[in-house]
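# Per-entry structural report
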Amino acid sequence: MTIDDAPTRFDALQNTIRNFSATSSYRPSAEPFIRATPYHRPLDAQRLDRVDWASPLAEAEWLSDSGLMANRLLMNVYESDALFLPASGLAGRRREFEDFYHSASRRNAEFAREDAERFVFGFLDSSVRTSGRWDTDALEAHITAAIADATSADRPVLRAIEEAAEPERAAETMIAQMALDGLTEATAMSQNLGGAFGHEQSELFKIFIDEFGYGVFDAKHSTLFAELCRSVGMNTEPHHYWFFYLPAWIAGNNYFYKVTRARTNFFRYIGGMAYLEATFAPSFAAMTKTFRTVYGDDVDTRYFDEHAHIDEHHGRMAVYDLLLPLGRKHGAHAIEEMVRGIEEVRLLGRIGDEDLLAQITWTPEPVDSGTTERAPDGPEFRVDAGSAFETRVADRDTLVTVEAGSAALHWTPTRGPLVLDAGRSVRVPGGRLYGIAPGDGAAVSVAPAAREGR
């Protein structure tokens, strides 16, 4: 692509994304939660239109509103290839079903996919380095060290949940992020099961059928995750908590769709998957302890317990029956790609933990509007009783001010919002996700906040 080609290419991309997001599946919502349908995934067309697709996000820009919107788009692109049916049956929802899987919508999705992937994940090319000479011994040493680092690391997110003023709110914010994969577990993995690639294909399938409970629905990992949700009073419908997914967690889920969608990324997928499978067991064991501390005996921890058990086995299989044999068979390029997959997943995991930790340790504090100042620069927008509900990520410290009526500020998926009356404001830190539900007669302004101590 030349410089002269770029405007034409990205103008076409913007038009495609406009057409994709204009369909009924992505219409606005009046409520903070998506109810009884897997086909409604709101996309704010105006915010998507402001994304500069020609300039990929830098690592420092990942926790941004553009990052959130691009990842929401990408998730819908990928999941238009996965089958969703309503738990209550398709009766009355046939039109939604056909609209979501309509061939024109899927063509638009495929046209947008590669540029959206480049926008979200392009920073990995510069942030992850795999220079040097790689052979199977170096690969084994590398993944062994990475596993040791992960299994011995501190777990600040779990500690923050236990120490939170409202530990249930914090724990349920984490569950909502886990639902991205937990309710559709191993869907991305299924994209690499076809074809013919030798003995290792059967080893991968062994892991896959474990994820699906060996054909027993009650033992399927996504079933166990749904039971975890039910035990703490959370909804089990896919994307009920659509508005409360954090950008880094959507991206972590999108990454595995990305590397399983492109066949040339197969070895990168194996590296990332093997690393996770080998580090899950102690992580999930620690989650059981934390969730027992928060909820006592009422919580169903079988999802955590199953992973703490089976992933010890999966970790050995993924490393010694998949990763290393593939390295020996396919050589230096495959090995370097597997190392890159390990390191990309490690980086995305670190950013995801930072994103979640910041969200669960932030509690909005209302103040009188006269005690706060707006920044002299930066855009302002307004929300009123006719506005659709949306969540967004504050690109910088942001001031939400209720000028008339009242409005509810949402920042977690459960335990209720903070209700603000006229004359009250909240400062939202940069990088934090929030949503505003205005009441009747409400007028709310949202503008950049002046620097603290100014």
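In this convention, every chain numbers its residues from 1, walking through the sequence in written order. Totals for whole chains, interfaces and linings use all residues, but because this is a predicted model, local features are given only for residues with pLDDT of at least 70 and pairs of side-chain atoms are given and counted only at 80 or more. To get the side-chain values, all heavy atoms of the structure are used, and hydrogens and water are removed first.

- The name an unreviewed UniProt entry assigns to the chain is Iron-containing redox enzyme family protein, from the organism Nocardiopsis mangrovi.

## Thoughts on the sheet that holds strand S6 (residues 418–421)
- Within the open sheet, the four strands sit side by side as S3-S8-S5-S6. Their pairing is antiparallel. Looking at strand neighbours, the two that pair on one side only are strand S3 (391–393) and S6, the edges of this open sheet. Strand after strand, the sheet turns through a mean of 30 degrees between neighbouring axes, direction not considered.
- As judged from the four bridges shared by strand S5 (residues 406–410) and S6, these two strands associate in the antiparallel manner. Of the residues in S6, the one forming a bridge with Ser406 is Asp421.
- The sheet strands contacting helix H3 (residues 65–79) are S3 and strand S8 (433–438), and the helix crosses S3 at an angle near 125 degrees. Think of it this way: DSSP has to see at least two bridges between two strands before they count as a pair. By the criteria applied, helices consist of DSSP H or I runs no shorter than four residues and strands consist of E runs no shorter than two, each listed in order from the N terminus. Lines fitted to C-alpha atoms define the axes, with helix axes restricted to the stretch in contact, and inter-axis angles between N-to-C directions lie between 0 and 180 degrees. By definition in these notes, contact holds between two residues if any of their heavy atoms fall within 4.5 Å.

## Some points on the side chain of Thr16
- Mapping Thr16 onto the fold places it in helix H1 (residues 5–21).
- To sort residues, take the accessible area from a 1.4 Å probe on protein chains only and compare it with the maximum for the residue type: under 20% means buried, over 50% means exposed, and anything in between is partly exposed. Residue classification places Thr16 among the buried residues on the basis of a relative accessible area of 9%.
- Thr16 has contacts with Asn108 and Phe111, leaving out every residue within four places of it along the chain.

## Section: helix H8 (residues 156–163)
- Residues of H8 that are buried: Val157, Leu158, Ala160 and Ile161. Taken around the axis of H8, the buried residues stretch over an arc of 160 degrees, which confines them to a single face. Taking the helix axis as origin, the arc is that swept by the directions to the C-beta atoms.

## Observations regarding the packing of aromatic side chains
- Stacked, edge-to-face and tilted labels apply to pairs of Phe, Tyr and Trp rings (six-membered ring for Trp) whose centres lie within 6.5 Å, assigned for plane angles under 30 degrees, over 60, and everything in between, in that order. Within this structure, the stated rule accounts for 29 aromatic pairs.
- Ring plane angle 65 degrees and centroid distance 6.0 Å describe the contact between Phe121 and Tyr255, whose orientation is recorded as edge-to-face. Placement of the pair is Phe121 in helix H5 (residues 103–121) and Tyr255 in helix H13 (residues 247–261), with a sequence separation of 134 residues. Pair check on accessibility: Phe121 and Tyr255 agree, each one buried.
- Three or more aromatic residues link up through ring pairs in this structure, and these residues are Phe225, Phe280, Phe284, Phe291, Tyr295, Tyr303 and Phe304.
- For the cation-ring pair, Arg41 lies above Phe84, with the distance from its terminal atom to the ring centre recorded as 5.1 Å.
- Residue placement shows Lys220 over the ring face of Phe212; its charged tip is 4.6 Å from the ring centre. Criterion for a charge above a ring: Lys NZ or Arg CZ within 6 Å of the ring centre, and within 35 degrees of the ring normal.

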